[in-house]
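Next come the chains, spelled out residue by residue.
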There are 2 protein chains.
Amino acid sequence: MKALVFDKELKAVDDFPKPQAPLGEALIEVHMAGICNTDIEITKGYMGFTGIPGHEFTGTVKEVNSSEKSWIGRRVVGDINCACNKADCHYCRNNLGRHCPGRTTLGIYGRNGSLAEYITLPVENLLEVPDSVPDEIAVLTEPLAAGFEILEQINIYPHDEVLIVGDGKLGLLINHAVSTTGASITQVGKHPEKLGLVAGSRCTTILLDEMPDNQYDVVIEATGSADGFNFSVAHTRPRGRLVLKSTIASGQNTDMNPVVVNEITIIGSRCGLLDPALDYLASGVDFSALISGIFPFEKTLEAFQAARQKGALKILIRF
Amino acid sequence: MKALVFDKELKAVDDFPKPQAPLGEALIEVHMAGICNTDIEITKGYMGFTGIPGHEFTGTVKEVNSSEKSWIGRRVVGDINCACNKADCHYCRNNLGRHCPGRTTLGIYGRNGSLAEYITLPVENLLEVPDSVPDEIAVLTEPLAAGFEILEQINIYPHDEVLIVGDGKLGLLINHAVSTTGASITQVGKHPEKLGLVAGSRCTTILLDEMPDNQYDVVIEATGSADGFNFSVAHTRPRGRLVLKSTIASGQNTDMNPVVVNEITIIGSRCGLLDPALDYLASGVDFSALISGIFPFEKTLEAFQAARQKGALKILIRF
């Protein structure tokens, strides 16, 4: 099958062995896959991953290695964390398979990913995509779920003043998730054209250079830089909450002093459940402006280049 | 009056002008004062403070510049944060004067401290010390309150497994506060003799070099070092809580990646309300082993030297 393979360098191949679904898993033909910043980090050595990257996808179930044959033929997205489901696993027992220490993660850890014609995933990870949601929107389910994860972890109330730091694709998707709370949102970033995608009656946008000295009840860090972290801390009210949505390279100068002095609560936040994200996408919100480009698989390496460009939003691969 | 004064260097003087209580404040004759690591940090430039340091004290009210004359003659401890109490202050209105942006803080910011014969504090900051609590124990109210602050911020349940990182005086006082929750406590540190002060049926102690690979529901960082922070993160369960009790010098290598990947919640934690700490001290727990030495004011500079020694616990000054 066609696949993008990373092993020290990225290579597009057309003879990668087609996977077979292990017991309890489905074989899925991928229609479309997204490129995430994590995939770019993987090409720099993140997680020491080798194999097929990619964890954003939509596709059709072709085979099922279990009794649940009714999945065959359905169009699906899927949770990327594959838990051990053992009876004595603290996390699996508590419905937190996303934190199961024995988990594999699609295209990130111990499992080939979705930048390929076929993948396998446990049947329990699958969600059917409604007919009304086209592939290029359904593929946003996983990254949007990372935004909705915030609402699983903390309560955001309509009276809260929320600051979202960063206007990349993650920051813009988080804006959509947080908009469902009714809270007042301010988004700060460097790019007027990206901020324009969320500006409106329910969101104030501010260019970084013009940021006033305000502090907010809830701040959501979506830049992944130490500067963004320190900026976020400075703009969190005493006793406020700071959600950390992206990993920050270690060795950088993060200042934890104000976290103690102002008694800030920092909430680390990663993958989310897919259901609320897919429901939101099915509600018909227009996400087309978030897609910077759709490339055929034959141009995957070019697509990676495009995804690496400053200012790029979501880049998709069509198989 | 006698006072210790910091202005580029520490000096003990005996001709510092005795303060006068402003409207709403009490003049307090200090019996005993404690030296905190914050005082040592002040002598290195922390907060840019100049004047009389010190914020741990017990003393007797001598004068009151308000109608509340009944305080005169009472033995007291006092909250070190002096809020603005203006009607339009978000923090004062919400009973969070400790975070009032207009506050002064005894011996730390904008207000002379307790390493002096006399101090003034707002009457509303005072708590009477029960006769059963001697001065050298009452003076521990403020640092112990920093331990009880944790219980104001988060719920710790009897089924929680708690790790306290650090066996300095802060870590040992935190142990006392957390012991009131009924949770199972493990304390890790470098000093067998200090760990011995909390070891017992309700607390397991572990030497740092012998720490196993365990993770805990709640981890409390009380070392103030980047190494201590990274160690604490590594020993916090996915979705667990990490309480940061001491400031970490910026510019050090704190690794925030596992905070995001394991969705850890970090709770910055500073000063606490004095009431629960004073109640606990009044219950008769023996704290004498936490006191490394009591010096007369004339030997304050020696006392500071003693407080700076590795392994020192609480050093007190008697006036």
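Going by the structure above, here's the rest.
Cut-offs used in this document
- Residues numbered from 1 in each chain as written.
- Chains lettered and ligands numbered in written order.
- Predicted model: local features only at pLDDT ≥ 70, side-chain atom pairs only at ≥ 80, totals over all residues.
- Heavy atoms only, no water.
- Helix = DSSP H or I, 4+ residues; strand = E, 2+ residues; numbered from the N terminus.
- Buried < 20%, exposed > 50% of the residue type's maximum accessible area, 1.4 Å probe, protein only.
- Polar contact = N/O pair within 3.5 Å; in protein donor to acceptor, adjacent residues only side chain to side chain.
- Contact = heavy atoms within 4.5 Å.
- Salt bridge = Lys/Arg side-chain N within 4 Å of Asp/Glu carboxyl O.
- Pairing = 2+ DSSP bridges.
- Right-handed = clockwise from strand over helix to strand, strands pointing away.
- Least-squares fit on C-alpha atoms with pLDDT ≥ 70 in both.

What's the story with the side chain of Glu25 of chain B in this structure? I'm lost.
Residues and elements named next belong to chain B. Within the secondary structure, Glu25 is located in strand 3 (residues 25-35). Take Glu25: its relative accessible area is 8%, and that puts it in the buried class. Side chain to side chain, Glu25 and Arg111 meet in a polar contact 2.8 Å long. Discounting residues that sit within four places of it in the chain, Glu25 has contacts with Glu63, Val64, Asn65, Arg111, Thr120, Leu121, Pro122 and Val123.

Help me understand the pattern of salt bridges, please; the structure alone is not making it clear to me.
Pairing of side chains with opposite charge becomes possible as their charged atoms draw close. Counting across every chain of the model gives 29 salt bridges over all chains. Across the salt bridge formed by Arg111 of chain A and Glu25 of chain A, the nearest N and O atoms sit 2.8 Å from each other. Taken as a pair, Arg111 of chain A in the loop between strand 7 (104-105) and strand 8 (118-122) and Glu25 of chain A in strand 3 (residues 25-35) lie far apart in primary sequence, 86 residues in all. Notably, a salt bridge pairs Glu56 of chain B with Lys314 of chain B, separated by 2.8 Å at the nearest N-O pair. Taken together, the residues span a long stretch of sequence, with Glu56 of chain B in strand 4 (residues 56-64) and Lys314 of chain B in strand 17 (residues 314-318) at a distance of 258 residues. One salt-bridge network, held together by shared partners, links Arg98, Glu149 and Glu152 of chain A together with Arg239 and Glu263 of chain B.

How should the pairing of strand 14 (residues 236-244) of chain B be read in this particular structure?
Looking along a regular strand, one sees side chains alternate from face to face of the sheet. Residues and elements named next belong to chain B. Among the 9 residues of strand 14, 8 are classified as buried, and the element is accordingly described as predominantly covered. Summarising the sheet, strand 13 (residues 216-221) and strand 14 pair through 5 bridges and their orientation is parallel. In the sheet register, Tyr216 faces strand 14, and the bridge partner there is Thr236. As for the winding sense of the linkage, the β-α-β connection from strand 13 through helix 7 (residues 226-234) to strand 14 is right-handed.

Explain the relation of the copies chain B and chain A to me, please; I cannot follow it from the model alone.
Each copy of the chain is related to the other by a rotation around an axis and a translation along that axis. Mapping chain B onto chain A is achieved by rotating through 180 degrees and translating by 0.0 Å along the same axis, at an RMSD of 0.0 Å. Seen this way, the second copy is the image of the first under a two-fold rotation axis. Taking C-alpha positions as the reference, the residue of chain B nearest the rotation axis is Ile266 of chain B, at 2.4 Å. A share of 100% of interface residues in chain B that are also interface residues in chain A marks the association as one of identical surfaces.

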